[in-house]
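# Observations on the three-dimensional arrangement
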Amino acid sequence: MKSKVINPFLYNVPSIDLHGDDSDTARVRIQDFIKDNIIMKNEKIEIIHGMGTGILRKVTHNTLQKHKHVLEYKTSYFNRGSTIVWLKVDK
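Residues numbered from 1 in each chain as written. Predicted model: local features only at pLDDT ≥ 70, side-chain atom pairs only at ≥ 80, totals over all residues. Heavy atoms only, no water.

### What to know about helix α2 (residues 55–66)
Because an α-helix packs 3.6 residues into every turn, residues spaced three or four apart end up facing the same way. For α2, built from 12 residues, the straight-helix expectation of 16 Å at 1.5 Å per residue is met to within 8% by its first-to-last C-alpha distance of 17 Å. For α2, every residue scored as buried is listed here: Leu56, Val59, Thr60, His61, Thr63 and Leu64. (Helix = DSSP H or I, 4+ residues; strand = E, 2+ residues; numbered from the N terminus. Expected span 1.5 Å × (residues − 1). Buried < 20%, exposed > 50% of the residue type's maximum accessible area, 1.4 Å probe, protein only.)

This is the structure:
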């Protein structure tokens, strides 16, 4: 039996793009996005904040740090302008 190799570039996760948002709008959109993905039972999501000045990345990480359903988050290895988030989902 052949082992299945998963190409990380083809693996799709739900994502939200915060480009153009201000800090308050980004915070609310992140919280709503997390809530929606918990309802849909998605364990992994991506938040695209861009690299620019770092304000949206800081808002993103501060919001994730305080959220009770976030298990872990890391800046993406493949794209420094996005953060991968693992959520605590009831199955």
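After that view of the structure, there is still more to cover.
### Examining the nonpolar core
Leu18, Ile34, Ile47, Leu64, Val85 and Leu87 are the most contacted members of the largest nonpolar core, which totals 16 residues. Looking at this core, the elements that each hand over two or more residues are α1 (23–39), β2 (44–48), α2 and β4 (82–87). Here the element with the most residues in this core is α1; it accounts for 5 residues. Filtering out sequence-adjacent residues up to four positions away, Ile34 remains in contact with Ile45, Leu64, His67, Val70 and Leu87. (Core = buried A, V, L, I, M, F, W, Y, C linked by side-chain atoms within 4.5 Å. Contact = heavy atoms within 4.5 Å.)

### Looking at unusual backbone geometry
Glycine aside, the phi torsion of most residues is negative, and most peptide linkages are trans. Here the phi dihedral of Lys41 falls at roughly 65°; this positive angle occurs in a residue that is not glycine. Looking at the secondary structure, you find Lys41 in the loop between α1 and β2. Note on Lys41: relative accessible area 46%, which makes it partly exposed.

### Points about the sheet that holds strand β3 (residues 70–75)
Here 4 strands make up an open sheet; going across it, the order is β1-β2-β4-β3 and the pairing mixed. Because the sheet does not close on itself, it has two edges, and the strands there are β1 (15–17) and β3. Looking at each pair of strands side by side, their axes are set apart by 20° on average, direction ignored. Where β3 and β4 come together, 5 bridges link them in antiparallel fashion. Paired with Tyr73 across the strands is Val85, a residue of β4. Sheet contacts for α1: β1, β2, β3 and β4; angle to β2, the most-contacted strand, approximately 160°. (Pairing = 2+ DSSP bridges. Axes fitted to C-alpha atoms, helices over the stretch in contact; angles between N-to-C directions.)

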